[in-house]
Amino acid sequence: MDICIVGGGPAGLMAALWAAKNGSRVTVLEQNDRPGKKLLVTGNGKCNITNTDQDIRHYHGGDPLFAEVVLQRFTAQKTIGFFTKLGIFTKNRNGWIYPYCEQAQAVLKLLEDEARRRKVRIKTREHVTGVDRFEKGFTVHTEGWQYPADRIILCGGGPASSVQGSSADTMELAARLGHSIVPPLPALVPLRGRGKAYSQWAGVRMDGMVTLYINDKECRREMGEIQFTEYGVSGIPVFQVSIDAIRAVQKGHHVLLTLDLLPEFTDDELEAFLADRKDARRGLTDQELFVGLLPDKMIRVITGKSPRTPEAYAKLLKAYPVPVKGAHSLERAQVCSGGVSLSEVNPMTMESRLVPGLYFAGEILDVCGDCGGYNLQWAWSTGALAGRAASHRDNS
Ligand SMILES: Cc1cc2nc3c(=O)[nH]c(=O)nc-3n(C[C@H](O)[C@H](O)[C@H](O)COP(=O)(O)OP(=O)(O)OC[C@H]3O[C@@H](n4cnc5c(N)ncnc54)[C@H](O)[C@@H]3O)c2cc1C
């Protein structure tokens, strides 16, 4: 059986290893000069492989049940076991799993070594431009060659990030083969605030709570380090809420973040604390009231306009409003939401329900995960299922 895999990212490499296990001839076509370029930048180069908390709420897309079926068939524990067998000891940081050496390049090297050992052909600088479908099998076209295949697995990822090779190309190939595509949008991305000038707080980092409201309804809360930027806000808690925020902005909904800048205090405690401080030191200016509590830049932002009562300051610090205008950019997004519509794919095998012999894995599908190893887990799970199923003769 000849299996052709389009895209040599984490999903494509995983699919190749599982397809080759069953004795198929496997070819990976990768447009870059080497596979796995995006894998190298994951987790700031440390590669957050997966997460031990696999609650399905960490995955987003058109059909939560689809993701659940996939992730039960190839679990995070299986991923850890798989990498341990390849030679990667893992490190657990509050559930976030990394290779012990904290080097993404080690993960890529072991995947490539294993691919070589299983005789997978990895053809680089091969940009796939089209796929012809016949009664039995396919021809995959690149700019300079044609590859006949009994089965193909599309693993070309999506257009997010500035990493070379990120594009919606393979989603378009899927569309040309008859699949519906949920339009890709940036996810896990810094957010732009509406209206105000944000330059005053640029460069500040503070631990806080981000709450997302869509049309005045609270949708999600995330704790962590908020990074304040000249256009709005960034940081992991912002990334986590960005998936829903961007889809809601796209639909024209009113999207608001509120930032709790002092989550250790309740509203009442903060009001009392500020009132006591004012009483104890008569003549304290509003700016002086916050010295030791907030970074200088943030003091200027909070006390900027007219003086406020301790109650008003407490309210502002517990729910600083940032109306959301949109994403910073697709280039600054770690992943995209959207992709091949899940209703047209079998979650047991990742095979197309429309085109027998066509499979999908990774970010190309309409699933995106939270920050924390969920997107790579999605790539490993779908890659393993697609590779395994595609290499079974009696499959479809
Ligand atoms: C900065 C950053 C940090 C991240 N950190 C993490 C993290 O720590 N943990 C985590 O879980 N996730 C992380 N992610 C997300 C993760 O990298 C992706 O979810 C994952 O790479 C998706 O894998 P994939 O194989 O589906 O797609 P990709 O990794 O995008 O691979 C697709 C491959 O297909 C190739 N390709 C595309 N079109 C064609 C074509 N027409 N012909 C030939 N080849 C083609 C591309 O060149 C690419 O190599 C991060 C992403 C970024 C940008």
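Rules of the game
- Residue numbers restart at each chain and count upward from 1, following the sequence in its written direction.
- Thresholds applied to this predicted model are a pLDDT of at least 70 for local features of residues and 80 or more for the giving and counting of side-chain atom pairs; totals over whole chains, interfaces and linings are not thresholded and use all residues.
- The C-beta atom of each residue is placed using the backbone, and any residue whose C-beta lies within 6 Å of a molecule or strand is treated as near it.
- By definition, any uninterrupted DSSP run of H or I lasting at least four residues is a helix, any uninterrupted run of E lasting at least two residues is a strand, and each is numbered from the N terminus.
- By convention here, the domain bounds are inherited from an automatic or database domain assignment.
- Residues are defined as contacting one another if the C-beta atoms placed from their backbone atoms lie within 7 Å.
- Residues are grouped as follows: nonpolar covers Ala, Val, Leu, Ile, Met, Phe, Trp, Tyr, Cys and Pro; charged covers Asp, Glu, Lys and Arg; every other residue, Gly included, is treated as polar.
- Backbone-placed C-beta atoms define the burial measure: a residue is buried with 20 or more other C-beta atoms within 10 Å of its own, exposed with 12 or fewer, and partly exposed in between.
- Paired strands, as defined in this entry, are two strands with at least two bridges between them according to DSSP.
- With axes taken as lines fitted to C-alpha atoms, and helix axes fitted only over the stretch in contact, angles between N-to-C directions fall between 0 and 180 degrees.
- Throughout, the term roughly parallel applies to angles under 35 degrees, roughly antiparallel to angles over 145, roughly perpendicular to angles from 65 to 115, and oblique to all others.
- Crossing handedness is read from the near helix: turned anticlockwise from the far helix by less than a right angle, it gives a left-handed crossing, and turned clockwise, a right-handed one.
- What makes a nonpolar core is a set of buried Ala, Val, Leu, Ile, Met, Phe, Trp, Tyr and Cys residues, with links drawn between C-beta atoms within 7 Å.

Brief notes about the site of the ligand
Right, so step 1: Taken together, 40 residues surround the ligand, and among them Gly 7, Gly 9, Gly 157, Gly 165 and Gly 362 come closest.
Right, so step 2: Sorting the residues of the shell around the ligand by element identifies α1 (10-21), α2 (37-41), α6 (169-176) and α12 (374-390) as the ones contributing at least two each.

Examining the domain arrangement of the protein chain
Right, so step 1: By domain assignment, the protein chain separates into domain 1 (2-185 + 335-390) and domain 2 (191-327).
Right, so step 2: One C-alpha centre belongs to domain 1, the other to domain 2; they are set 38 Å apart.
Right, so step 3: If you look at the interface, domain 1 gives six residues, while domain 2 gives seven residues.
Right, so step 4: Across the side of domain 1 that touches domain 2, the residue classes break down as three nonpolar, two polar and one charged.

Some points on α6
One turn of the α-helix equals 3.6 residues, which is why residues spaced by three or four share an orientation.
Right, so step 1: Along α6, the residues classified as buried are Asp 169, Thr 170, Met 171, Leu 173 and Ala 174.
Right, so step 2: Here the buried face of α6 lies against β1 (2-6), β8 (128-133), β11 (151-154), β12 (181-187) and β19 (335-340).
Right, so step 3: Following α6 by one or two positions, Gly 178 adopts a phi angle in the positive range, close to 110 degrees.

Structural notes on unusual backbone geometry
Right, so step 1: The phi angle at Cys 47 is positive, at roughly 65 degrees, despite the residue not being glycine.
Right, so step 2: Its place among the elements puts Cys 47 in the loop between α2 and β3 (50-51).
Right, so step 3: Cys 47 gets classed as buried once you count the C-beta atoms within 10 Å, which come to 25.
Right, so step 4: Although it is not a glycine, Asn 215 sits at a positive phi angle of roughly 50 degrees.
Right, so step 5: With respect to the element layout, Asn 215 can be found in the loop between β14 (205-214) and β15 (217-228).

Some words on the sheet that holds strand β10 (residues 146-149)
Right, so step 1: The three strands are arranged β8-β9-β10 in an open sheet whose pairing can be described as antiparallel. Looking at which strands have only one partner, the edges of the open sheet turn out to be β8 and β10. This sheet shows a mean twist of 20 degrees between the axes of neighbouring strands, independent of strand direction.
Right, so step 2: When β8 meets strand β9 (residues 138-142), the two strands line up antiparallel, connected through five bridges. Across the sheet, the residue bridging to Val 131 is Val 140, located in β9.

A look at the packing of helix α3 (residues 64-73) against α12
Right, so step 1: Remark: α3 packs on α12, axes separated minimally by 9 Å, with the N-to-C direction vectors making an angle of 75 degrees. When the axis of α3 is compared with that of α12, the two are roughly perpendicular. Mapping the contact onto sequence places Val 70, Leu 71 and Arg 73 in α3 and Ser 381, Thr 382 and Leu 385 in α12.
Right, so step 2: Of the residues belonging to the contact of α3 with α12, the class tally is three nonpolar, two polar and one charged.

Concerning the environment of Val 324
Right, so step 1: By the element assignment, Val 324 lies in strand β18 (residues 320-327).
Right, so step 2: Note: C-alpha distance between Val 324 and Asp 63 (261 residues apart in sequence) is 26 Å.
Right, so step 3: Those residues in contact with Val 324, other than ones at most four positions away along the chain, are Leu 191, Gly 193, Arg 194, Ala 245, Val 249, Val 255, Leu 256 and Leu 257.

Brief notes about the packing of helix α8 (residues 267-280) against helix α11 (residues 310-318)
Right, so step 1: Look at α8 against α11: their axes get within 8 Å of each other, and the N-to-C directions meet at 135 degrees. Put simply, α8 runs oblique to α11. Our pair here, α8 against α11, has a crossing hand that is right-handed. Seen from α8, the contacting residues are Asp 267, Leu 270, Glu 271, Leu 274, Ala 275 and Lys 278; seen from α11, they are Pro 310, Glu 311, Tyr 313, Ala 314, Lys 315, Leu 317 and Lys 318.

A short note on the sheet that holds β3
Right, so step 1: The antiparallel open sheet is built from three strands, whose spatial order is β3-β6-β5. Because the sheet does not close on itself, it has two edges, and the strands there are β3 and β5 (90-93).
Right, so step 2: Where β3 lies against strand β6 (residues 96-99), two bridges are found, and the strand directions are antiparallel. The partner of Asn 51 across the bridge, within β6, is Trp 96.

With respect to the nonpolar core
Right, so step 1: Of all hydrophobic cores here, the largest spans 112 residues; its most connected members are Ile 5, Ala 15, Ala 16 and Ile 153.
Right, so step 2: Among the elements that line this core, the one with the most residues is α12, at 10 residues.
Right, so step 3: Both domains that meet at this core, namely domain 1 (2-185 + 335-390) and domain 2 (191-327), each give it at least three residues.
Right, so step 4: If we ignore the near neighbours within four places in the chain, the residues touching Ala 15 are Ile 5, Ile 153, Cys 155, Ala 361, Gly 383, Ala 386 and Gly 387.

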